[in-house]
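What the coordinates show
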Amino acid sequence: MNVPIIAPSILAADFANIQKEVEMLNSSEADWIHVDIMDGIFVPNISFGIPVTQAIHEHATKPLDVHLMIEKPEKFVEAFKKAGAEIITVHYEACPHLHRNLQQIKSLGCKAGVALNPHTNVQLLEDIIQDIDMVCIMSVNPGFGGQKFIENTYKKVRQLKEIISDAGATTLIEIDGGVNKDNARDLLDVGADVLVAGSFVFNSDDPINTISNLKTV
């Protein structure tokens, strides 16, 4: 079993002490820092944007995994690249020209990800799986932290893993939403590679130890 990539979601951090929170992640076993961008249109919430992403990048020693939960992401991916994003994920549901979106992200030198909402079938990615560096399976409805994990996620991960294997692709599978110590092992067993954890990490008494436990689950 490969060691999972752990990507704590900065959305759950203390925004009044964002530098301190980033420095904590720097000193932890976290691999990436997951940055959730929300526009209040694609999802019913607004988080933060390009200036805050840049501020996080200025203090981070880990790659920024930027998840764009926004409409028309093609208008903003270059700005997020300049702000420090190394991985940029766009939503299938927001991209009528998804292949073009992926080409744009890769042309900037970033890894290109595609996120799927809970209702979206993984089979829809079959024709372009070779072009996707990472698929982010939303295991909660996007827009808010602290939601309960959706159990159907396991089925979707197994189906997606089969598509990736059949295509001989190297696409990673990321799980975003409700990840904790109770489901992390099961998610890895069915094929997940990257675990995003927000509330579970930042609301714990010892975030560094919590991240370490996820890393070795």
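These remarks concern the structure in this document. The structure displayed is predicted, hence computed values, not measured ones. (Residues numbered from 1 in each chain as written. Predicted model: local features only at pLDDT ≥ 70, side-chain atom pairs only at ≥ 80, totals over all residues. Heavy atoms only, no water.)

**Examining unusual backbone geometry**
- Positive phi outside glycine occurs at Lys-72, with the angle close to 50 degrees.
- Judged by its relative accessible area of 46%, Lys-72 is partly exposed. (Buried < 20%, exposed > 50% of the residue type's maximum accessible area, 1.4 Å probe, protein only.)

**Let's talk about a negative patch on the surface**
- A cluster of acidic residues, Glu-126, Asp-127, Glu-162 and Asp-166, forms a negative patch at the surface.
- Tracing the backbone through its elements, the reader meets Glu-126 in the loop between strand S5 (111-116) and strand S6 (134-138). (Patch = residues over 30% accessible without salt bridge, like charges linked within 9 Å, V, L, I, M, F, W, Y side chains within 5 Å. Areas by Shrake-Rupley, 256 points an atom, 1.4 Å probe, with all protein chains shown as cover. Salt bridge = Lys/Arg side-chain N within 4 Å of Asp/Glu carboxyl O. Lys, Arg positive; Asp, Glu negative; His and termini not counted. Charge placed at Lys NZ, Arg CZ, Asp CG, Glu CD. Helix = DSSP H or I, 4+ residues; strand = E, 2+ residues; numbered from the N terminus.)

**So, the side chain of Asp-36**
- Mapping Asp-36 onto the fold places it in strand S2 (residues 33-38).
- Of the side chains with opposite charge, Lys-156 comes closest to the buried, unpaired Asp-36, at an N-O distance of 16 Å.
- Of note is the side chain of Asp-36, whose polar atom sits 2.9 Å from the side chain of Ser-9.
- Here His-67 takes part through its side chain, which lies 3.1 Å from a polar atom of the side chain of Asp-36.
- If we ignore the near neighbours within four places in the chain, the residues touching Asp-36 are Ser-9, Leu-11, Ser-47, Phe-48, His-67, Met-69 and Asp-176. (Polar contact = N/O pair within 3.5 Å; in protein donor to acceptor, adjacent residues only side chain to side chain. Contact = heavy atoms within 4.5 Å.)

**Quick look at the pattern of salt bridges**
- Inspection of the entire model under this criterion finds six salt bridges.
- In this structure, Asp-133 engages Lys-106 in a salt bridge whose closest nitrogen and oxygen atoms are separated by 3.9 Å. With a gap of 27 residues between them, Asp-133 in the loop between S5 and S6 and Lys-106 in helix H4 (residues 98-107) connect regions that are remote in the sequence.
- Under the relative-accessibility criterion, Lys-106 is labelled partly exposed at 35%.
- Where Lys-181 meets Asp-182, a salt bridge forms, and the shortest distance between an N and an O atom there is 3.3 Å.
- Exposure remark for Lys-181: the relative accessible area of 57% places this residue in the exposed category.

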